[in-house]
Every structure is written in structure tokens, then in C-alpha cells.
Amino acid sequence: MDLLALEDFTLVARHGGFGRAAHAAGRPKATLSRRVAELEASLGLRLFERGARALKLTEEGRALFERAGALLVELTETAAAIASGGQRPRGRLRINAPLLFSQSAMGKLAARFALKYPEIRLEVTTEDRTVDMIEEGFDLVIRVDPAPDASLVGRAFLRDRLVVVASPGLARPVGGAAVPAVVRGSGAHAAWRVRLPGGPAAIAVEPVLRLSTLIMVRDAVRAGVGAGRLPISLVSHDLRDGRLVDWGDVDAPEIVLWALYPTRRLLSTRVSAFLDHLKQAFPGGTPDELAAYIAD
């Protein structure tokens, strides 16, 4: 297989068209079109569906793009490392992470990583939706309790759990009465199930404040407007210092954060470096480690 033609194919696929790829690379559009056609002929496969106004990857083209792009990056990095006489990671690393983890820990993680690896250009974006790593060009994503994905591999690096907390001045409900609650998001909210020494119990809730982030929920709960369900890592110091009181662990599975990356044998040195960085920051992956990291 012609590696130069393969490189041209990934360029066109990444930019979504021959014209945009030609403009980005400063190369003739006709040359890119010819090279891709030659690659299709050599493989005996159609890699693109060519419409009047749009260019779309075929199923075979998408499979080739997902694998070839990563391998070409690895070849380039390996050649550069050999030429420079070392294996120090370099280049761009794009990471997507959920909102709460980004707000509480990612800034510090990113800064310390940048100081450790000054030749890596780290880019972190934050959102809670499930991004498409391949389509959107991410090298690594951090997800909370991700659904199985055959195209990705990864490792769990942090665990957390939810607790119901309130300010000391808010009375614990008795006799099934509903407690004023600060909740995240809109929609109906059922009673909170908690684990207590005497067994499971339910806390009826009446949402009095709906907010879009857990940081906002925590701050509102601190102010005494209502109780809230929050990760223990986010409130452990408030509990220790008496700003909040613990009403019980939420009766739900633990929260697990995963670092995920595309399935491939040759893992990017940049991704490997960031995975090691996570392991050093959270060696045991416990909520206490995350709480200490946030407070540091």
C-alpha cells in the first residue's frame, strides 16, 4: 500500500472534502483526488461516496480512516523520535473531559502536565455529552460510567460516591415530610434513597432550586437553601470543617471515571504520558485522593 496515498486519504477524510483538504495542505485538489482514486483502485474498495455537493466516507472508508490516521501519527512520531535520538513525547494532545472533573481538577492536572512535558501542546475541552473521538479528533476522553464501546479501550482511574448533605441549620425531615432540595437539572425528582446504619431509607424531596452544575448545587447547599446529593470528593472538606452535615450515602452504584482512547496496538506516547500523569495524581483512585487534590 502506498503510504503517501494513504496519508492523502486521511487528509481528505479529516477535512471532509477535497477542496477543504487542498486548501488546508496547500496542495492541488486534482492531485489529492487522483491519489485517493489510485488508493481505491489498489484496494478494490470505494472509500468515499461522491455526491454533487457532499463527500461522505463509506463504511469501508470509515474503518480505514479510524485505523490509518492513528497509525500514520505513530509512524511520524517514531521517525521524529529516532531522528532526535530520544522518545520524549511531543506534539498536540486533545482531551475531552466532563464538566465537574474539569472544574475541580483538570486545570491543575493540565498545568502540571504542561510543566512536565513542555513539548506537548495540550488542548482540553469540557462538556458532558458523549463525544465521538474519531470524528471530532480527540486523542483521549474522560467519561463517567461510560457505556461499552467496541472501538475504545481504557482504564478506570477514579472512583467516587454520592452523599446527601445539608447545612447544619437545616432540620432533617421526620415522618415522611419532604425536605427542600437543591437539584441539578430540570424534570421530576424522586425520593432520595440513602444507606443508614439501621438500613436503607428514603428522603422525600421538594426541589426549591434547580441548577445546571454540581459546583453551583454545592454552593447553594452551603448557603442553607436546601439539601443536595453531591459527590463525597466535592464536599468532604465541608463535612470535616462542619460547614455541611452528612445525611447518608446515596443508595446507588459508585461513580467511576474512565480514561478512554481508540483501540490500537501502538498507543501514542502523548496519551501514555497523560495516563501515567493521572496514575501519579491518583495512585489509589479514591475519593479522598480527589478531595485532597482539589484542596491542594
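It should be noted that the structure appears before, not after, this text.
The numbering scheme is per chain: residues are counted from 1 as the chain's sequence reads. Given that this is a predicted model, residues contribute local features only at a pLDDT of at least 70 and side-chain atom pairs are listed and counted only at 80 or more, while totals for whole chains, interfaces and linings are drawn from all residues. Values shown for side chains rest on all heavy atoms present in the structure; no hydrogens or waters enter the calculation.

Focus on the sheet that holds strand β9 (residues 192-196)
Rules: Pairing between strands is defined by DSSP: at least two bridges between them are needed. Secondary structure follows DSSP: runs of H or I at least 4 residues long count as helices, runs of E at least 2 residues long count as strands, and numbering of each begins at the N terminus. To obtain each axis, a line is fitted to C-alpha atoms, and for helices this fit is confined to the stretch in contact; angles are then taken between N-to-C directions over 0 to 180 degrees. For this analysis, residues touch if any pair of their heavy atoms sits within 4.5 Å.
Taken in spatial order, the five strands of this open sheet run β10-β9-β13-β7-β12, and their pairing is antiparallel. Unpaired on one side and paired on the other, β10 (199-203) and β12 (228-231) mark the two borders of the sheet. Neighbour-to-neighbour, the strand axes of this sheet turn through a mean angle of 45°, independent of strand direction. Packed on one face of the sheet, helix α8 (residues 232-241) meets β7 (162-166), β12 and β13 (245-250) and runs near 105° to β12.

Thoughts on the packing of helix α1 (residues 3-15) against helix α2 (residues 18-25)
Definition in use: Comment on the angle field: the value is read as roughly parallel under 35 degrees, roughly antiparallel over 145, roughly perpendicular from 65 to 115, and oblique elsewhere. It is the rotation of the near helix from the far one that decides the hand of a crossing: anticlockwise by less than a right angle makes it left-handed, clockwise makes it right-handed. Residue classes follow a fixed rule: Ala, Val, Leu, Ile, Met, Phe, Trp, Tyr, Cys and Pro count as nonpolar, while Asp, Glu, Lys and Arg count as charged, and any other residue, Gly among them, counts as polar.
Where α1 meets α2, the closest approach of the two axes is 8 Å, and the angle between their N-to-C directions is 110°. One finds that α1 runs roughly perpendicular with respect to α2. Note that α1 runs across α2; the crossing there is right-handed. Seen from α1, the contacting residues are L11, V12 and H15; seen from α2, they are F18, R20, A21, A24 and A25. Classifying every residue of the contact of α1 with α2 by side-chain character gives six nonpolar, one polar and one charged.

Description of the environment of R195
Rules: Summary of the burial criterion: residues with accessible area below 20% of their type's maximum are buried, those above 50% are exposed, and those between are partly exposed, where the area comes from a 1.4 Å probe applied to protein chains only. Each polar contact in these results corresponds to two N or O atoms within 3.5 Å; when the atoms are within protein, one needs to be able to donate a hydrogen and the other to accept it, and residues that are neighboring in sequence are counted only if both atoms are side-chain atoms.
Among the structural elements, R195 can be located in strand β9. A residue is classified by how much of its surface remains accessible, and R195, at 39% relative accessible area, is partly exposed. Here the alpha-carbon distance between R195 and A295, two residues 100 residues apart in the chain, equals 27 Å. Beyond its immediate chain neighbours, meaning those up to four positions away, R195 contacts P200, G248, D249, V250, D251 and A252. Engagement of the side chain of R195 in a polar contact is seen with the side chain of D251, the distance being 3.1 Å.

Considerations on α8
What α8 keeps buried is the set I232, S233, L234, V235, S236 and D238. Taken together, the buried residues of α8 touch α5 (99-116), β6 (152-160), β7, α7 (214-222), β12 and α10 (287-295). Positive backbone phi, approximately 85°, marks G242, located one or two places after α8.

Overview of the packing of aromatic side chains
Geometry of an aromatic ring pair is reported as the spacing of the ring centres plus the angle between the planes. Let me state the cut-off plainly: Two rings from Phe, Tyr or Trp (for Trp, the six-membered ring) form a pair when their centres are within 6.5 Å of each other. A pair whose planes differ by under 30 degrees is stacked, one over 60 is edge-to-face, and the rest are tilted.
Per the stated rule, a full pass over the model turns up eight aromatic pairs. Plain terms: the ring middles of F9 and F48 are 5.5 Å apart, the flat faces sit at 55° to each other, and that makes the pair tilted. With F9 in helix α1 and F48 in strand β1 (residues 48-50), this pair connects stretches of sequence that are 39 residues apart. Like F48, F9 is buried. Within the aromatic cluster, the residues linked to one another by ring pairs are F101, F157, F282 and Y293.

Some details on the sheet that holds strand β5 (residues 140-144)
Each strand in a sheet pairs with another by means of backbone hydrogen bonds, the pair being arranged parallel or else antiparallel. Pairing is mixed in the open sheet, where five strands are placed in the order β4-β3-β5-β14-β6. The sheet terminates laterally at β4 (120-126) and β6, the two strands that pair on one side only. Averaged over all pairs of adjacent strands, the angle between their axes in this sheet comes to 20°, without regard to strand direction. Sheet topology note: the β6/strand β14 (residues 255-262) ladder contains eight bridges and is antiparallel. Along β14, the bridge assignment pairs D160 with I255. With respect to the sheet, α5 is in contact with β3 (91-97), β4, β5, β6 and β14, its orientation differing from that of β4 by roughly 175°. Running at roughly 50° to β3, helix α9 (residues 269-281) makes contact with β3, β4, β5, β6 and β14 of the sheet.

Observations regarding the layout of surface pockets
Here is the rule: The distinction between a cavity and a pocket rests on a 1 Å grid over the protein atoms alone: a 1.4 Å probe fits inside a cavity but cannot get out, while a pocket stays open yet meets protein on both sides within 12 Å along at least five of seven lines, and a residue with an atom within 4 Å of a point counts as lining. Grid points are joined across faces, edges and corners, and a volume is the space filled by probe spheres set on the points.
Volume-wise, the second largest pocket comes out at about 550 Å³. Looking at the lining of the second largest pocket, the elements with two or more residues in it are α5, β8 (179-184), α7, β12, α8, β14 and α10. Looking at side-chain class alone, the lining of the second largest pocket contains 18 nonpolar, six polar and four charged residues.

Describing a nonpolar patch on the surface
Put simply, the rule is: Here, patches come from residues exposed beyond 30% relative accessible area and free of salt bridges, joined within 9 Å for like charges and within 5 Å for nonpolar side chains (Val, Leu, Ile, Met, Phe, Trp, Tyr). Accessible surface area values rest on a Shrake-Rupley calculation with a 1.4 Å probe, where residue burial reflects the displayed protein chains alone. Salt bridge criterion: a side-chain nitrogen from Lys or Arg within 4 Å of a carboxyl oxygen from Asp or Glu.
A cluster of nonpolar side chains, V208, L209 and V225, forms an exposed patch at the surface whose accessible area comes to about 200 Å². Here V225 is to be found in the loop between α7 and β12.

A look at the pattern of salt bridges
Where charged atoms from two side chains of opposite charge come close, those side chains can pair. Evaluated as defined, the whole model comprises 19 salt bridges. A salt bridge links E119 to R90, with the shortest nitrogen-to-oxygen separation between them at 3.3 Å. Taken together, the positions of E119 in the loop between α5 and β4 and R90 in the loop between α4 (59-84) and β3 put the pair 29 residues apart, joining distant regions of the chain. We classify E119 as partly exposed; its relative accessible area is 34%. Overall, R90 belongs to the partly exposed group, its relative accessible area being 34%.

In short, shape yes, function no, at least from these values alone.
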